[in-house]
Amino acid sequence: MRFRHPDGSTVHLAYCTNVHPAETLDGVLAQLRDHCEPVRRRLGRDRLGIGLWLAKDAARALVTDPAALRGLRCELERRGLEVVTLNGFPYEGFGAEEVKYRVYTPDWADPERLEYTAALARVLAGLLPEDVTEGSISTLPLAWRTAYDDERAETARTALRTLAERLDALEELTGRSIRVALEPEPGCVVETTRDAIAPLTAVGHDRIGICVDTCHLATSFEDPGTALDDLAQAGVPVVKSQLSAALHAEQPHLPGVRDALAAFAEPRFLHQTRTATAAGPRGTDDLDEALAGDALPDAGPWRSHFHVPLHAAPAAPLTSTLPVLTSALTRLVGGPHPLTRHLEVETYTWQALPPELRPRGRAQLADGIAAELTLARDLLTDLGLKELP
């Protein structure tokens with residue numbers, strides 16, 4: 001979906017396909033048929049943006065076979081879909097029964113991460129619509145915090161500088177400008193937007209910036225205005241933003257609230273949980289750890305890294321951090337000029353929701369994704385953006 005900002009520029013809205021498990025190119029093509037096109041039809045749109053997730057095997061197939069890349073591009077056009085952004089955070093296995101810590105490997109100190117991301121950039125340059133010259137790729141925020149020392153940090157910085165040089169060369173070759181965005185996430189080396197400033201400044205290249213995920217922002221109890229002001233002051237570009245909402249519990253000391261939270265503790269994804277205290281943020285790596293005894297102070301609200309549907313907050317006594325998303329979006333695109341032009345709804349946890357909230361089949365999932373995009377569209381038009389055909 002495309003929107004005209006009051007300054008005349010185009011803002012793109014997509015939804016991320018990491019919600020649909022696929023490890024191969026054939027799986028990606030099936031996604032377009034079974035999920036993405038039905039969402040577009042529900043929205044009554046001739047064109048729908050999708051943020052593709054391409055696992056390493058699918059990326060390799062596309063980058064080594066020009067015919068396969070042309071075939072994917074033709075399939076996108078045939079189904080009324082377009083791609084200006086990729087999710088390059090998960091490397092493989094995102095549809096596995098247990099993902100947890102695996103999603104953070106390989107990290108930016110491992111050569112596989114550089115080669116994978118460079119391959120994604122070449123693929124994206126070949127998928128961009130004819131009238132679009134800028135693409136974006138979100139990636140993991142350097143590494144999970146453990147086993148990350150000064151040596152690995154320098155290796156990661158070198159890899160990002162190498163990537164920037166390759167992106168420069170790619171633009172010279174194709175005329176397409178691809179930028180990569182570190183996505184701060186609780187528990188990682190870069191947990192907050194403030195954490196991103198030093199390493200991105202050290203890399204020192206405007207092709208490498210930040211992806212502001214509003215679920216992660218909220219989970220870390222960051223104020224959107226302060227976070228975006230700090231990034232602007234440091235000269236760190238917001239390459240893209242993922243529109244998502246975290247799970248919020250206002251009174252986690254109450255037994256009923258804990259019972260409600262326990263329904264969201266599940267075995268597939270990591271749900272880092274945080275609370276704000278006078279001494280600073282405190283947290284656990286997963287929701288079940290927070291619920292075990294006194295692992296996390298419960299005098300104030302808890303927020304958990306569980307991407308809940310934007311349009312459907314959990315039932316009381318829980319809620320979502322949609323207000324944080326709304327506040328961030330106002331700052332991102334509500335000013336005289338957009339801070340980013342790539343927005344991506346990213347709710348990948350539909351099948352991890354408590355059983356009574358999960359969609360039953362493809363049709364209900366498509367209905368839910370379309371409802372999320374409708375909410376995002378309404379927020380954008382309320383900010384003065386005009387939806388384009």
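Here the structure is a predicted model, which means the values were calculated and not measured.

Once that is clear, we can look at the overall build of the chain. The helix and strand inventory of the chain stands at 12 helices and 15 strands. Against the compact-globule benchmark of 21 Å for 389 residues, the chain has a radius of gyration of 20 Å, which places it among compact chains. Principal axes of the C-alpha set define a box for the chain whose edges measure 60 × 50 × 45 Å. Here the chain, with 389 residues, has 59% of them falling under the buried criterion. Restricting to contacts in the chain with at least 6 residues of sequence separation, those with at least 24 account for 79%. Of the accessible surface of the chain, which amounts to about 15100 Å², a share of 51% is contributed by carbon and sulfur atoms.

Scanning the entire structure with this criterion turns up zero disulfides. Of all cysteine sulfurs, the one in Cys 16 lies closest to Cys 36, which takes part in no disulfide; the gap is 9.9 Å. Cysteine Cys 211 shares no disulfide, and the gap to the nearest cysteine sulfur, in Cys 16, comes to 9.6 Å. Judged by its relative accessible area of 0%, Cys 211 is buried.

Leu 13, Tyr 15, Ile 50, Leu 54, Trp 108 and Leu 373 are the most contacted members of the largest nonpolar core, which totals 116 residues. If near-sequence neighbours (up to four positions away) are discounted, Leu 13 is found in contact with Met 1, Phe 3, Gly 49, Leu 243, Leu 343, Val 345, Leu 373, Ala 376, Arg 377 and Leu 380. Formed by five residues, the second largest nonpolar core is a distinct cluster that contains Leu 217, Ala 227, Val 324 and Ala 328.

We now examine the packing of helix α1 (residues 25-43) against helix α12 (residues 362-382). Between α1 and α12, the least distance of the axes is 9 Å, while the angle of their chain directions is 55°. The orientation of α1 with respect to α12, classified from their angle, is oblique. For the pair α1 and α12, the sense of crossing is right-handed. Between α1, through Asp 34, His 35, Pro 38, Val 39, Arg 42 and Leu 43, and α12, the contact on the second element is made entirely by Arg 362, Ala 363, Leu 365, Ala 366, Asp 367, Ile 369, Ala 370, Leu 373 and Thr 374. Among the residues forming the contact of α1 with α12, the class breakdown is nine nonpolar, two polar and four charged.

What follows covers the packing of helix α2 (residues 56-64) against helix α4 (residues 111-127). Their axes nearest at 9 Å, the elements α2 and α4 cross at an angle of 50°. Of the possible angle classes, the one that applies to α2 and α4 is oblique. For the element pair α2 and α4, the recorded crossing hand is left-handed. Here α2 contributes Lys 56, Ala 59, Leu 62 and Val 63 to the contact with α4, which in turn contributes Tyr 116, Ala 119, Leu 120, Arg 122 and Val 123. Partitioned by chemical class, the residues of the contact of α2 with α4 number seven nonpolar, no polar and two charged.

Here the focus is the pattern of salt bridges. In this structure the tally under the stated criterion is 33 salt bridges. Measuring nitrogen to oxygen at the nearest pair gives 2.6 Å for the salt bridge that ties Glu 37 to Arg 79. Pair noted here: Glu 37 is in helix α1 and Arg 79 is in the loop between α3 (66-78) and β4 (81-87), with a separation of 42 residues, a long-range link. Across this residue pair, the class does not change: Glu 37 and Arg 79 are buried.

Spanning 17 residues, α4 covers 25 Å between terminal C-alpha atoms, matching the ideal 24 Å at 1.5 Å per step. Most of α4 sits out of view: 12 of its 17 residues are buried. Residues of α4 that are buried: Arg 113, Leu 114, Tyr 116, Thr 117, Ala 118, Ala 119, Leu 120, Ala 121, Val 123, Leu 124, Ala 125 and Leu 127.

With the rule as written, the count across this model stands at nine aromatic pairs. Ring geometry for Tyr 101 against Trp 144: centres 5.3 Å apart, planes inclined by 85°, an arrangement best described as edge-to-face. Linking Tyr 101 in the loop between β4 and α4 with Trp 144 in the loop between β5 (134-139) and α5 (150-174), this pair joins segments that are 43 residues apart in sequence. Tyr 101 gets classed as partly exposed once you look at its relative accessible area, which sits at 37%. In textbook terms, an aromatic cluster arises when at least three aromatic residues are bridged by ring pairs, as seen for Trp 53, Phe 94, Phe 269 and Tyr 348. Sitting over the ring of Phe 221, Arg 303 keeps its end group 4.4 Å from the ring centre.

The rules behind these values
Residues numbered from 1 in each chain as written. Predicted model: local features only at pLDDT ≥ 70, side-chain atom pairs only at ≥ 80, totals over all residues. Heavy atoms only, no water. Helix = DSSP H or I, 4+ residues; strand = E, 2+ residues; numbered from the N terminus. Rg over C-alpha atoms; globule rule 2.2 N^0.38 Å. Buried < 20%, exposed > 50% of the residue type's maximum accessible area, 1.4 Å probe, protein only. Contact = heavy atoms within 4.5 Å. Areas by Shrake-Rupley, 256 points an atom, 1.4 Å probe, with all protein chains shown as cover. Disulfide = S-S within 2.5 Å. Core = buried A, V, L, I, M, F, W, Y, C linked by side-chain atoms within 4.5 Å. Axes fitted to C-alpha atoms, helices over the stretch in contact; angles between N-to-C directions. Parallel < 35°, antiparallel > 145°, perpendicular 65-115°, else oblique. Left-handed = near helix turned anticlockwise from the far one by under 90°. Nonpolar A, V, L, I, M, F, W, Y, C, P; charged D, E, K, R; others polar. Salt bridge = Lys/Arg side-chain N within 4 Å of Asp/Glu carboxyl O. Expected span 1.5 Å × (residues − 1). Phe/Tyr/Trp six-rings, centres within 6.5 Å; stacked < 30°, edge-to-face > 60°. Lys NZ or Arg CZ within 6 Å of the ring centre and 35° of its normal.

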